[in-house]
Structures are given as structure tokens and as C-alpha cells.
Amino acid sequence: MLRLDPAWLRRGGQLWTHCTRGFSSSVPPQPVPPLEQTLSRYLRALEPHLPPSEWQQARAELQEFSRQGGAGEGLQRSLERRAQRMHNWVSEWWQQSNYLESRLPLAVHSNPAVALPQQDYSDWRGQLL
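Asks: Teacher, can you tell me more about the nonpolar core here?
Replies: Soluble globular proteins: nonpolar side chains tend toward being buried together. In this structure, Leu 35, Leu 39, Leu 43, Leu 46, Trp 55, Ala 58 and Leu 62 together form the largest nonpolar core, which totals seven residues. Elements with a contribution of two residues or more to this core: helix H2 (35-46) and helix H3 (52-66). With four residues, H2 is the single largest residue contributor to this core. Contacts of Leu 39, omitting those with residues within four sequence positions, involve Leu 62, Phe 65 and Ser 66.

This is the structure we're talking about:
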């Protein structure tokens, strides 16, 4: 059974702060991608997962979303203003959604470099021992 040193756990917050904020001045700011690029990549990601009729519906909805004066334009401006005020406009949201709100095991569900099949952790048989 895996045992963690309580002293190491107490220092975890210090380690996290050092790793994420200690080098932030040397990392360039995260750019906000153009709305058109974001929407085209999203649509391309949907294509293998949707039947053609649903994909066409999603495409029509995205065209409405991205029209001049539409919701997409306003949200894009909000992101761009946020990016001007913050060094990394996405990190606070990333920490909140992936580390603080998610009830899934962190190591396998919040690491963007690792993609593993979904596991069932509802009883002892699903635990990694």
C-alpha cells in the first residue's frame, strides 16, 4: 500500500505555488486564440463523433454564434480584456475546474499529457494497489 509522508503533504501547497508562480515571469503570456480558429478546431473535433446531420446542425449553430455582433464576438472581447489584465488568463480557470471542482482522481484525469481509459473507482476492485 502506498503511504505518503504527512510532512510532504503539508509542503504540497508551497511546492505548487513555487512550481506554478515561481517561474511565471519567465514564461510568455498565454495568447487568446482568434475566435475563428477556436470554432474551426472545435467543429473539426466534433466531426468524427457526430452523424452528418448533427454535425451540420452544430455547424449552423456555430455560424450563428460567430456572426457579427453575436455572442461569440462579445465573449471573445471579454477573453481578450481578461488576457490584458492577467499574465495567464486561463490558469485560474484550469486550477478551479481540474483541481478543485473535479471529483475524479487527479493524477489520471487532470494531466493533459496522459490519456488513459476511464476507470471505475466505485469499490475496492477499481483501486490501484
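So, next bit.
Asks: Looking at this structure, how should I read the confidence of the model for the protein chain?
Replies: Caution applies to low-pLDDT regions: their predicted coordinates should not be interpreted in detail. Of the residues in the protein chain, 70% have a pLDDT of 70 or more, and the chain-wide mean is 78. Per-element averaging of pLDDT across the protein chain places helix H1 (residues 6-21) at the bottom with 49 and H3 at the top with 96.

Asks: What exactly am I supposed to notice about the packing of aromatic side chains here?
Replies: By the definition in use, this model includes one aromatic pair. Here Trp 89 and Trp 93 contribute two aromatic rings whose centre-to-centre distance is 6.2 Å and whose plane-to-plane angle is 80°, an arrangement assigned as edge-to-face. Judged by relative accessible area, Trp 89 falls into the buried class, the value being 10%. Between the NZ or CZ atom of Arg 82 and the centre of the ring of Trp 93, over which it lies, the distance is 3.8 Å.

Asks: Any chance you could explain the side chain of Arg 82 here in plain terms?
Replies: Structurally, Arg 82 is set in helix H4 (residues 71-85). As a buried residue without a salt bridge, Arg 82 has its nearest oppositely charged side chain in Glu 92, at a separation of 4.2 Å.

Asks: Just checking my understanding: could you explain H4 for this structure?
Replies: The periodicity of an α-helix, 3.6 residues per turn, causes residues three or four places apart in sequence to face the same way. Between the first and last C-alpha of H4 there are 22 Å, a value that for 15 residues agrees with the 21 Å anticipated at 1.5 Å per step. The set of residues buried in H4 consists of Gly 72, Gln 76 and Arg 82. An end-on view of H4 places all buried positions within 120° of arc, on one side of the element. Across from the buried face of H4, at angles greater than 90 degrees, the exposed residues are Gln 84 and Arg 85. Looking at the packing, one finds that the buried side of H4 touches H2, H3 and helix H5 (91-101).

Asks: Would you mind going over the pattern of salt bridges with me for this structure?
Replies: Pairing of side chains with opposite charge becomes possible as their charged atoms draw close. In the structure shown here, the tally under the stated rule is two salt bridges. For the salt bridge of Glu 64 with Arg 67, the shortest nitrogen-to-oxygen distance reads 2.8 Å. Under the relative-accessibility criterion, Arg 67 is labelled partly exposed at 42%. Across the salt bridge formed by Arg 77 and Glu 73, the nearest N and O atoms sit 3.4 Å from each other. Here Glu 73 and Arg 77 lie together in helix H4, a separation of four residues that amounts to about one turn.

Rules used in this analysis
- Residues numbered from 1 in each chain as written.
- Predicted model: local features only at pLDDT ≥ 70, side-chain atom pairs only at ≥ 80, totals over all residues.
- Heavy atoms only, no water.
- Core = buried A, V, L, I, M, F, W, Y, C linked by side-chain atoms within 4.5 Å.
- Buried < 20%, exposed > 50% of the residue type's maximum accessible area, 1.4 Å probe, protein only.
- Helix = DSSP H or I, 4+ residues; strand = E, 2+ residues; numbered from the N terminus.
- Contact = heavy atoms within 4.5 Å.
- pLDDT = per-residue confidence, 0-100.
- Phe/Tyr/Trp six-rings, centres within 6.5 Å; stacked < 30°, edge-to-face > 60°.
- Lys NZ or Arg CZ within 6 Å of the ring centre and 35° of its normal.
- Lys, Arg positive; Asp, Glu negative; His and termini not counted.
- Salt bridge = Lys/Arg side-chain N within 4 Å of Asp/Glu carboxyl O.
- Expected span 1.5 Å × (residues − 1).
- Arc of directions from axis to C-beta.

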